[in-house]
Protein chains: 2
Amino acid sequence: MDFGESGLVPAVAQDAETGEVLMLAYVSPEALERTRETGEAHYYSRSRDELWHKGASSGHTQTVEEVRVDCDADALLYVVEQAGGACHTGHRSCFHRTVDGEHVGERVFDPDEVY
Amino acid sequence: MDFGESGLVPAVAQDAETGEVLMLAYVSPEALERTRETGEAHYYSRSRDELWHKGASSGHTQTVEEVRVDCDADALLYVVEQAGGACHTGHRSCFHRTVDGEHVGERVFDPDEVY
């Protein structure tokens, strides 16, 4: 993998069953290693500046079926089984709006009850 | 959209019909504007440092059905009809290998005949 100057690569999480694109986050070498070791998706939180085990607090973990790498080896695809919803807003996917502001995503939990 | 310090956001292209994740590239404000104006996917090439009309030379354009934005407004999802293959290696998707090097993608054209 080419982690570049930032030391991070973008990773797309895709629902293994439905093919839905769930989220995009960033992965450090350590996050990739932990993902492969544990079989659960790990990322690097740029806002908290730390390793991020997705779902550790919410329970909405991602079991990783396969990790793919793109042709330039500077992006990852996590094919996952998503528990609950991927998005902190309560939606199944973080991509729950069009760029025009139309709501297209499915809400699957109430964030006030989870966080 | 929050284009951040780099002036770019990552964009995932997904096949509208099959749900396959085709590629990840970067989008500038101009690229997003051109995508919305023309209905064909535009990106910003970081290696060539210029606006990139996907498929302009290869013919493998992407007709954009929908542009979605994520919860933090710092990533995009292009839902597209892909002509030919998305990947310059001749594969349908740039994510045609696992991180262990296993070949999982479908080759749909011969790059020597296209480029």
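Structure shown above.
Computed from a predicted model, the values in this text were never measured in an experiment.

1. Some words on the overall build of chain A
Then, number 1: Each helix and strand in chain A was counted, giving two helices and seven strands.
Then, number 2: The helix and strand sequence of chain A, counted from the amino end, reads β-β-α-β-β-β-β-β-α.
Then, number 3: The C-alpha atoms of chain A give 14 Å as radius of gyration, which agrees with the globular expectation for 115 residues (13 Å, within 12%).
Then, number 4: Taken along its principal axes, the extent of the C-alpha atoms in chain A is 35 × 30 × 30 Å.
Then, number 5: Considering only residue pairs separated by 6 or more positions, chain A has 39% of its internal contacts joining residues 24 or more positions apart.
Then, number 6: Accessible surface for chain A amounts to roughly 5,400 Å². Of this, 40% is attributable to carbon and sulfur atoms.
Then, number 7: Separation of charge centres in chain A, based on 9 positive and 23 negative side chains, amounts to 3 Å.

2. Concerning the relation of the copies chain B and chain A
Then, number 1: Overlaying chain B with chain A gives an RMSD of 0.0 Å, the required rotation being 180 degrees about an axis along which the chain moves by 0.0 Å. The symmetry that links the two subunits is that of a two-fold axis. Considering only C-alpha atoms, the part of chain B nearest the rotation axis is G19 of chain B, at 2.6 Å.
Then, number 2: Both copies present the same face, since 100% of the interface residues in chain B are matched by interface residues at the equivalent positions in chain A.

3. Considerations on helix α1 (residues 29-38) of chain A
Because an α-helix completes one turn every 3.6 residues, residues spaced three or four positions apart along the sequence face the same direction.
All names here are of chain A.
Then, number 1: Of the residues making up α1, those classed as buried are A31, L32 and T35. In a view along the axis of α1, the buried residues occupy a sector of 100 degrees, so they form one face of it.
Then, number 2: On its buried face, α1 is in contact with β2 (21-27), β3 (42-45), β4 (50-53), β5 (62-69) and β6 (76-82).
Then, number 3: Positive phi shows up at G39, right after α1, with a value of about 75 degrees.

4. Some details on the sheet that holds strand β6 (residues 76-82) of chain B
Then, number 1: Read across the open sheet, the five strands follow the order β7(A)-β5(B)-β6(B)-β1(B)-β2(B); overall the sheet is mixed. This sheet does not close on itself; its edge strands, each paired only once, are β7 (97-98) of chain A together with β2 (21-27) of chain B.
Then, number 2: Alignment of strand β1 (residues 9-15) of chain B against β6 of chain B, held across five bridges, turns out to be parallel. The residue of β6 of chain B that forms the bridge with V12 of chain B is L77 of chain B.

5. Describing the interface of chain B and chain A
Then, number 1: If you look at the interface, chain B gives 34 residues, while chain A gives 34 residues.
Then, number 2: Both faces combined, the contact of chain B with chain A buries some 2,800 Å², and carbon together with sulfur accounts for 62% of it.
Then, number 3: Looking at the side of chain B facing chain A, the largest losses of area belong to C71, F95 and V99 of chain B, adding up to 23% of the total buried there.
Then, number 4: At the junction of chain B with chain A, the criterion picks out four salt bridges.
Then, number 5: Linking D74 of chain B and R46 of chain A is a salt bridge whose minimum nitrogen-to-oxygen distance equals 3.8 Å.
Then, number 6: For the pair chain B and chain A, the interface holds twelve residue pairs in polar contact (both at pLDDT 80 or more).
Then, number 7: Mapped onto the side of chain B that touches chain A, the elements with two or more residues apiece are β1, β2, α1 (29-38), β5 (62-69), β6 and β7 (97-98) of chain B.
Then, number 8: Among the elements that line the side of chain B that touches chain A, the one with the most residues is β5 of chain B, at four residues.
Then, number 9: Here the residues of the side of chain B that touches chain A sort into 18 nonpolar, six polar and ten charged.
Then, number 10: The pairing of β7 of chain A with β5 of chain B spans two bridges and is classified as antiparallel. Following the sheet pairing, T98 of chain A is matched in β5 of chain B by R68 of chain B.

Rules and cut-offs
Here, residues in each chain are numbered from 1, in the same order as that chain's written sequence. In the order they appear in the text, chains get letters beginning with A and ligands get numbers beginning with 1. Totals for whole chains, interfaces and linings use all residues, but because this is a predicted model, local features are given only for residues with pLDDT of at least 70 and pairs of side-chain atoms are given and counted only at 80 or more. To get the side-chain values, take all heavy atoms of the structure and skip hydrogens and water. We count a stretch as a helix when DSSP gives it H or I for four or more residues in a row; a strand needs E for two or more, and each element gets its number in order from the N terminus. Computation of the radius of gyration draws on C-alpha atoms alone. For the globule rule, the value is 2.2 Å times the number of residues to the power 0.38. By definition, residues are in contact when any of their heavy atoms lie within 4.5 Å. Surface accessibility follows the Shrake-Rupley procedure with a 1.4 Å probe radius. Residue values consider only the protein chains on display as shielding. When charges are tallied, Lys and Arg are placed among the positive residues and Asp and Glu among the negative ones, while His and the ends of the chain are skipped. All charge positions are set by atom: Lys at NZ, Arg at CZ, Asp at CG, Glu at CD. A residue counts toward the fit only if its pLDDT is at least 70 in both copies, and the copies are then superposed by least squares on the C-alpha atoms of those residues. For every residue, the accessible area obtained with a 1.4 Å probe (protein chains only) is divided by the maximum for its type, and the residue is called buried under 20%, exposed over 50%, and partly exposed between those limits. Arc definition: directions from the helix axis to the C-beta atoms. In short, DSSP must find at least two bridges between two strands for them to pair. Reported buried area values correspond to the accessible surface (1.4 Å probe) lost by two parts on association, with both partners' losses combined. The rule for a salt bridge is simple: a side-chain nitrogen of Lys or Arg has to be within 4 Å of a carboxyl oxygen of Asp or Glu. Polar contact is defined as a pair of N or O atoms within 3.5 Å, subject to the rule that within protein one atom must be able to donate a hydrogen and the other to accept it, and that residues adjacent in sequence are counted only when both atoms are side-chain atoms. When residues are grouped by polarity, Ala, Val, Leu, Ile, Met, Phe, Trp, Tyr, Cys and Pro land in nonpolar, Asp, Glu, Lys and Arg in charged, and all others, Gly among them, in polar.

Limitation: the analysis is restricted to geometry and does not speak to function.
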